[in-house]
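# Commentary on secondary and tertiary structure
This is what each chain is made of:
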Amino acid sequence: MTQKNNYHTYSEDDFLADPYFQDWVLKPNAENERFWTSWLMQNPSKQEAIEQARKLLTMLAFSVHEPAEARVRESLSQAMEIIDQHEEELSTPARKIVLLKRWMAVAALFVLVAGAGTVYYWYHQRPAVQLISTAFGAIKKVTLPDSTYIVLNGNSTLTFNRRWTHGQPREVWVDGEAYFNVRHIDTDSHITPGERFLVHLKDVTVEVLGTSFNIRQRRGNTEIMLQQGKIQLVFNDSQRSPIIMQPGDLVYVGDRAEQLKIDSTASADDYVKWTEKKLILNNASLDEVIHYIEDNYGRKIVLGDSSLSSRKIEGTLLLDNLNDILFVLSKILNVDVQQQDTTIYFRPK
Amino acid sequence: MNELWKHVSEGNRDAYTKLYVEYYRKLYNYGRKFTDDIPVLEDTIQDTLISIWTRRSQLNTIQNPGTYYYTAFRHALIKKLSEIKIHHVPSNPQFSADAVVMKREADKELKDNMEAAMRMLTSRQREALYLRFYEELSYEEISQLMSISLKATYKIMARALAHLRENFSGPLALCIALKEIIMAVSTLLVFHL
């Protein structure tokens, strides 16, 4: 708050609203005290106005509402429970959460009765390996102990060790589809064991160095797409020599390993748009789209007319829920969509 | 107080506990002026305080965490309260008419008049007075908290205080005295007729 130079023009209302004046009246200190007392002496005509303003401000009061102490304590312990559960959930599979909550409730009761020794014992009982899996159509975002960020697509599994030892390579196992954004630890060109990040797939291990890439392992085939950084693929079949990938590269590991190049990195971004719930289709055949839906949503799609399978689709498909996707497809292809249990039939109109 | 925020940002649960208790009381007092629906109030307070912990890593980037979380709380509370519709009309949460009062030592008549005047202030005027003179926030902090421009903050404050001043000065007291005299005289006249 700074003083103004035109206080001599001030009315009582002006003083009332002035922050520096307010501070002096309600929170006097050596500095503002000095200013105002000397100013008053030099401007005695303003004494009345200042006196009235001061009187009003000092008479202002406010109703005070206090919560009961017990309520505050209760809220605090509830909050701590919620926080603990939240931090637990970050590395716990959805299916196991119900069990874990009940277990935690029992453990908490036990701790109250028995004391510190029990807490120590309980901590050591926690399992070391974490398994995270997604149901059909679900997407899970996982942050690993090293801050590596993973988005797990539907019908997929991610496994890793809960506690990572410093100096040992970071390792995860993937089945299905996952997008990785690996935290870059390496600071120089010399790579120590602790700076390595390994992703184990069925027949290949991806060795990573601070990058973002997409792994798609479906129907016995593996597709790895590198968005940024550098990765090395090491094949379980020792006859095949490792491949080093560059951004924009898409490697198809099937019966024969092939390296395909995508022309621009914009396409690489399109490839991983599923993480934002969008499927970008660039001249994609209906077959590809159907396979994607079957793999991620767990349905079987039957085409009433085989000529449909070669139809090409261009555009962006929003992946919010299966019914919306089917509706859009029915409009684009001009087909009737019927669902019977887990089978979906596309019949031309 | 800044020390406490710093420790919380570093993940110190002890510091968080202290912060929790202190801010629970402050937010309760503030939020209670907007509603007497205690469950909604307590829920919103708890949500806000929990988010301080879950987002503690970004605390370092926030200039004034106290005002930042007051703002988040105010926004969340008003949003929740606005969702309650009466006859399909969304309600507009008001800052309590009884929030601003006169100190008890004030002359009774003056107190009554002033409190009547205080009840005539707008919701935003009462809130601005509370934030400035009870919470002792700066004009800048108030403008951030209430999501209004600094100029608007000055205007609201000036109008509120001017309105109170009108009712505070001598003339009103004189009017009341005169009124009483007139009433007394007329009563006298009636009895004598």
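Before going into details, it helps to say that this report is about the structure given with it. Please read all numbers here as calculations on a predicted model, not as lab measurements. (Residues numbered from 1 in each chain as written. Chains lettered and ligands numbered in written order. Predicted model: local features only at pLDDT ≥ 70, side-chain atom pairs only at ≥ 80, totals over all residues. Heavy atoms only, no water.)

### A look at the interface of chain A and chain B
Under the convention used in this document: In this description, contact between two residues means that some pair of their heavy atoms is separated by no more than 4.5 Å. By convention, the term buried area covers the 1.4 Å-probe accessible surface removed from two parts as they join, with the contributions of both added. What makes a salt bridge here is a side-chain nitrogen of Lys or Arg within 4 Å of a carboxyl oxygen of Asp or Glu, nothing more. Any pair of nitrogen or oxygen atoms within 3.5 Å is treated as a polar contact; in protein, a donor-acceptor pairing is required on top of that, and neighbouring residues in sequence qualify only through side-chain atoms on both sides. Helix numbering and strand numbering both begin at the N terminus, where a helix is a DSSP run of H or I of at least 4 residues and a strand a DSSP run of E of at least 2. Gly is put with the polar residues, along with every residue not named as nonpolar or charged; the nonpolar set is Ala, Val, Leu, Ile, Met, Phe, Trp, Tyr, Cys and Pro, and the charged set is Asp, Glu, Lys and Arg.
On the side of chain B, 45 residues touch chain A, which itself brings 38 residues to the contact. Where chain A abuts chain B, roughly 3700 Å² becomes buried across the two surfaces, and 64% of that area is made up of carbon and sulfur atoms. Across the contact surface, chain A and chain B share eight salt bridges. The partner of R25 of chain B in a salt bridge is E69 of chain A, with the nearest N and O atoms 3.1 Å apart. At the junction of chain A and chain B, the tally comes to 21 residue pairs in polar contact (both at pLDDT 80 or more). When contributions to the side of chain A that touches chain B are tallied by element, the ones reaching two or more residues are α1 (12-17), α2 (19-26), α4 (47-59), β1 (60-62) and α5 (69-89) of chain A. A per-element tally of the side of chain A that touches chain B places α5 of chain A first, with 14 residues. Its residues assigned to classes, the side of chain A that touches chain B comprises 19 nonpolar, eight polar and 11 charged.

### Re the side chain of K33 of chain B
Our working rule: Whether a residue is buried, partly exposed or exposed follows from its accessible area with a 1.4 Å probe, protein chains only, as a fraction of its type maximum: under 20%, in between, or over 50%, in that order. Charge counting treats Lys and Arg as positive and Asp and Glu as negative, with His and both chain ends excluded.
Looking at the secondary structure, you find K33 of chain B in the loop between α2 (13-31) and α3 (38-54). Despite its burial, K33 of chain B remains without a salt bridge, the nearest opposite charge being carried by E135 of chain B at 7.6 Å. A polar contact is formed between the side chain of K33 of chain B and the backbone oxygen of S63 of chain A, at a distance of 3.0 Å. Ignoring sequence-local partners within four residues, the contact set of K33 of chain B consists of S63, V64 and H65 of chain A together with Q94, F95, S96, A99 and Y130 of chain B.

### A short note on the packing of α2 of chain A against α4 of chain A
Residues and elements named next belong to chain A. Put simply, the rule is: Between the N-to-C directions of two axes lies an angle of 0 to 180 degrees, each axis being a line fitted to C-alpha atoms and, for a helix, fitted only over the stretch in contact. For classification, angles of less than 35 degrees are called roughly parallel, those exceeding 145 degrees roughly antiparallel, those between 65 and 115 degrees roughly perpendicular, and all remaining angles oblique. Throughout, a crossing is termed right-handed when the near helix is turned clockwise from the far one, and left-handed when it is turned anticlockwise from it by less than a right angle.
Between α2 and α4, whose axes approach to 10 Å, the crossing angle comes to 65°. When the interaxial angle is binned, α2 and α4 end up roughly perpendicular. Judged by the twist between their axes, the crossing of α2 over α4 is right-handed. Taking contact as the criterion, the partners of F21, Q22, W24, V25 and L26 in α2 are, on α4, I50, A53, R54, L57 and T58. Here the contact of α2 with α4 is built from residues that sort into seven nonpolar, two polar and one charged.

### Overview of the pairing of strand β8 (residues 197-200) of chain A
Residue and element names in this part refer to chain A. Under the convention used in this document: Strands qualify as paired when DSSP identifies two bridges or more between them.
Where burial is concerned, the two faces of β8 agree: the one with F197 and V199 and the one with L198 and H200 are both buried. The pairing of strand β6 (residues 170-175) with β8 spans four bridges and is classified as parallel. Its bridge partner lying in β8, W173 is registered against H200.

### A few points about a nonpolar patch on the surface
Residue and element names in this part refer to chain A. What counts is decided by this rule: Only residues whose relative accessible area exceeds 30% and that take part in no salt bridge are eligible for patches, with like-charged residues grouped when within 9 Å of each other and nonpolar side chains (Val, Leu, Ile, Met, Phe, Trp, Tyr) grouped when within 5 Å. The Shrake-Rupley method, run with a 1.4 Å probe sphere, supplies the accessible areas, and residue values consider only the shown protein chains as cover.
A cluster of nonpolar side chains, contributed by F327, V328 and I332, occupies part of the molecular surface with about 270 Å² of accessible area. Within the secondary structure layout, I332 lies in helix α10 (residues 322-333). Looking at I332, the relative accessible area reads 41%, which means it is partly exposed.

### A closer look at the packing of aromatic side chains
To keep it simple, the criterion reads: In this analysis, rings of Phe, Tyr and Trp, with Trp reduced to its six-membered ring, are considered paired at centre separations within 6.5 Å, and the interplanar angle assigns stacked below 30 degrees, edge-to-face beyond 60, and tilted for intermediate values.
Scanning the entire structure with this criterion turns up 36 aromatic pairs over all chains. Between the aromatic rings of Y30 of chain B and F73 of chain B, the centroid separation amounts to 6.4 Å while the plane-to-plane angle is 50°, which identifies the pairing as tilted. In this pair, Y30 of chain B is assigned in helix α2 and F73 of chain B in helix α4 (residues 65-82), connecting sequence segments 43 residues apart. Given a relative accessible area of 0%, Y30 of chain B falls into the buried group. When the ring of Y139 of chain B is compared with that of Y154 of chain B, the centres are 4.1 Å apart and the planes differ by 10°; the resulting orientation is stacked. Placement of Y139 of chain B in helix α7 (residues 139-145) and of Y154 of chain B in helix α8 (residues 150-168) is noted, with a sequence separation of 15 residues between them. When its relative accessible area of 0% is taken as the criterion, Y139 of chain B is described as buried. Given a relative accessible area of 30%, Y154 of chain B falls into the partly exposed group. The rings of F62 of chain A together with W5, Y23, Y30, F34, Y68, Y69, Y70, F73, F95, Y130 and Y134 of chain B are connected pair by pair, giving a single aromatic cluster.

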